[in-house]
Amino acid sequence: MDSISIKVLFFGKARDLVGVGQKDVDILHSNLKANEFLEIIISKFPRLEEIKSSTKLSLNEEYVEMNDVLSLKSGDEIAVIPPISGG
Amino acid sequence: MAHNLTNSEIERYSRQLIIPDYGIESQNKLKSSSILIIGCGGLGCPSALYLSTAGIGRLGLVDDDTIEISNIHRQIAHDENKIGISKAQNLADRCKALNSLVKYEVHNILFTKTTALNLIEQYPFLFLSIYCTDNVITRYLINDVCVLLGKPLVSGSALKFEGQLTVYNYLNGPCYRCLYPTAPPAHAVSNCSDAGILGPIVGMIGSLQALEAIKVVAEIGTCLNGRMMIFDGFDFLTRIIKLRPRQIETCLMCKSVLSRENLTKKDREEILENFDYIEFCGVSNYNDKSINISILSDKKRINCSDYKNFTESHLLIDVRPKCQFNICSLPNSLNIPFDDFVYNEEKVVENIRDKLGNEKSIFLVCRRGNDSQLAVEILEKHFNDKEIKDLIGGLQTWSKEIEPDFPKY
């Protein structure tokens, strides 16, 4: 089966930990839970473990809960959005 | 239509009055509304200036801090001649110079559990708060008070090149706690003085907070409730993320408000009192100052004057990030950023073993003396025959006590 290419955006602390604002990530299955997707990115960028409990994910500009099953297709955009608090 | 604007107000506000979607009706609502701005810094300055010139009826300004020279690059209402002056007072003075028709109220207080409800209750006609604060406890606290009192909250935040903007607790949109039921771990949160912030970023987010506040008060347009704008100024990327609605089942605050009818003042106080913010957030301070920690015993630390008098040859390692090391450093110090200690421990140890030669002592220094202590703990495991100490108070103390010409940042 062909892999699916997802565009991942990193904001705030996630960007610091990964070192870049944007990466394409290939996944093998289109149906997986948001937290499983997060685990996949953490396995590629282990430093993201630090914000695992507090970050949010969005799929195509819509927030998803960690238990939601995502139905992903190539070209989808997932953003990793931890809260930022400067002012 | 009937309105309560004077001729001079009509002239003053004429350029906004003639916008068909705004009009005199909106101006009337603004004039009879109150807004409380919590935090008179990078976001609070542009928010307050624009709400003042737009003609809000009453503007409350909260901040317990005073102006420092390192604020001025972004806190656009404060100037060189006002160092040491109260931020809230100075912002009120600047706004008053722009529009004396507005009623200003200055609150030189820290926003804490004990002051929060009382302060907002002084505003019987309060429509919303804008918060512009650097601290996680304060963010949850302000959110909770707004939920308990049923006030919308225009929220902005900014760090480095990034900003976030939304309107919480408004028209079935979520509150901050609905969105982030778990506080981020303390070490994952940075403030402006540790991570940095660029002026135009807070300028933009703060101005947009004023815009959203005007729309909420005037009940016009489509606000950002239920959506969050995320702005990355570095790559110029904007995303408007759709949020889930209010989480009545799971959000602690929304649940406690909606499960009871007619909350009394005492109920609200009890709800706030019973919530342990310090435990929830894992931090102990309500302000946005960096904290100095002390984890090493005294014999593993050296103060600046003893270090100055230490004449034996040794290895000095500066564990600050490279961009800070490039600003200033002590002579003959070796830069190994603390991140490398955490993520590349083996490589760091190898590098230090290389550089160490026959030296008997390793000293570690950072900006404030926090990371340097953690670095001592890591190195102790690998170099048990060496004397390893951290420089108490870091380069900030060095600059204060030993070398006044050493740059402060």
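It should be emphasised that the depicted structure is a prediction, and the values quoted were computed from it without experimental measurement. (Residues numbered from 1 in each chain as written. Chains lettered and ligands numbered in written order. Predicted model: local features only at pLDDT ≥ 70, side-chain atom pairs only at ≥ 80, totals over all residues. Heavy atoms only, no water.)

(A) Structural context of the environment of methionine 204 of chain B. All names here are of chain B. As for its placement among the helices and strands, methionine 204 is situated in helix H10 (residues 199-218). Residue class for methionine 204 comes out partly exposed when judged on its relative accessible area of 27%. For the pair methionine 204 and serine 47, spaced 157 residues apart in sequence, the C-alpha separation works out to 9.6 Å. (Helix = DSSP H or I, 4+ residues; strand = E, 2+ residues; numbered from the N terminus. Buried < 20%, exposed > 50% of the residue type's maximum accessible area, 1.4 Å probe, protein only.)

(B) Seen up close, the confidence of the model for chain B. Looking at chain B as a whole, its pLDDT mean stands at 91, while 93% of the residues score no less than 70. In the predicted assembly, ipTM is 0.91 and pTM is 0.89. (pLDDT = per-residue confidence, 0-100.)

(C) Expanded view of the interface of chain A and chain B. Taken together, the contact between chain A and chain B spans 29 residues of the former and 44 residues of the latter. Taking both sides of the interface into account, the surface hidden between chain A and chain B amounts to around 3,000 Å²; carbon and sulfur atoms contribute 51%. Area buried by chain A at its contact with chain B is led by Tyr63, Ile84 and Gly87 of chain A, which between them contribute 23% of it. With a shortest N-O distance of 2.9 Å, arginine 15 of chain A and aspartate 232 of chain B are connected by a salt bridge. Inspection of the region where chain A meets chain B yields 14 residue pairs in polar contact (both at pLDDT 80 or more). Those elements giving two or more residues to the side of chain A that touches chain B turn out to be strand S1 (4-10), helix H1 (12-18), strand S4 (56-59), strand S5 (62-64) and strand S7 (77-81) of chain A. (Contact = heavy atoms within 4.5 Å. Buried area = accessible area lost by both parts, 1.4 Å probe. Salt bridge = Lys/Arg side-chain N within 4 Å of Asp/Glu carboxyl O. Polar contact = N/O pair within 3.5 Å; in protein donor to acceptor, adjacent residues only side chain to side chain.)

(D) Representation of the pairing of strand S10 (residues 315-318) of chain B within the structure. All names here are of chain B. The side-chain alternation of S10 yields two buried faces, one formed by Leu315 and Ile317 and the other by Leu316 and Asp318. Note that S10 and strand S12 (residues 361-365) share 4 bridges and pair parallel. If you follow aspartate 318 over to S12, its bridge partner there is valine 365. Relative to strand S11 (residues 333-335), S10 is paired through 3 bridges, and the arrangement is parallel. By the bridge assignment, isoleucine 317 is partnered in S11 with leucine 334. (Pairing = 2+ DSSP bridges.)

(E) How the structure looks around the domain arrangement of chain B. Here the domain parsing of chain B yields domain 1 (33-281) and domain 2 (298-401). Distance from the C-alpha centre of domain 1 of chain B to the C-alpha centre of domain 2 of chain B: 39 Å. (Domains from an automatic or database assignment.)

(F) Local environment of the environment of aspartate 339 of chain B. Within the secondary structure layout, aspartate 339 of chain B lies in helix H16 (residues 338-343). The spacing of aspartate 339 of chain B and proline 321 of chain B is 18 residues in sequence and 7.8 Å in space, taken between C-alpha atoms. Ignoring any residue separated from it by four or fewer positions in sequence, one finds aspartate 339 of chain B in contact with Arg47 of chain A together with Asn344 of chain B.

(G) Structural detail: the packing of helix H6 (residues 113-121) of chain B against helix H7 (residues 136-149) of chain B. Residue and element names in this part refer to chain B. It is the contact of H6 with H7, at a shortest axis distance of 10 Å, that shows an interaxial angle of 40°. Put simply, H6 runs oblique to H7. Considering the relative orientation of H6 and H7, their crossing is right-handed. On H7, the residues touching Lys113, Ala116, Leu117, Ile120 and Glu121 of H6 are Leu141, Val145 and Leu149. A per-class count over the contact of H6 with H7 returns 6 nonpolar, no polar and 2 charged. (Axes fitted to C-alpha atoms, helices over the stretch in contact; angles between N-to-C directions. Parallel < 35°, antiparallel > 145°, perpendicular 65-115°, else oblique. Left-handed = near helix turned anticlockwise from the far one by under 90°. Nonpolar A, V, L, I, M, F, W, Y, C, P; charged D, E, K, R; others polar.)

(H) Just the pattern of salt bridges, in detail. One pass over the structure, following the stated rule, counts 26 salt bridges over all chains. For the salt bridge of lysine 7 of chain A with glutamate 77 of chain A, the shortest nitrogen-to-oxygen distance reads 3.7 Å. With lysine 7 of chain A in strand S1 and glutamate 77 of chain A in strand S7, this pair connects stretches of sequence that are 70 residues apart. Members of the salt-bridge network, linked through shared partners, are Lys7 and Glu77 of chain A together with Arg239 of chain B.

(I) Representation of helix H5 (residues 87-98) of chain B. Residue and element names in this part refer to chain B. Taking 1.5 Å per residue, 12 residues should reach 16 Å; H5 reaches 17 Å between its end C-alpha atoms and fits that length. Lys87, Ala88, Asn90, Leu91, Ala92 and Cys95 are the residues of H5 that are buried. Each element contacted by the buried residues of H5 is listed here: helix H4 (44-54), strand S2 (58-62) and strand S3 (103-107). Taking the backbone nitrogen of alanine 88 as reference, a side-chain oxygen 3.4 Å away marks serine 86 as the first, capping residue of H5. (Expected span 1.5 Å × (residues − 1).)

(J) Main features of H10 of chain B. Residue and element names in this part refer to chain B. Taking 1.5 Å per residue as the helical rise, H10 with its 20 residues ought to reach 28 Å, and the 29 Å between its terminal C-alpha atoms agrees with that figure. Counting buried positions along H10 gives 14 out of 20 residues, so the element sits mostly inside the fold. At the C-terminal side of H10, glutamate 219 shows a positive phi close to 55°.

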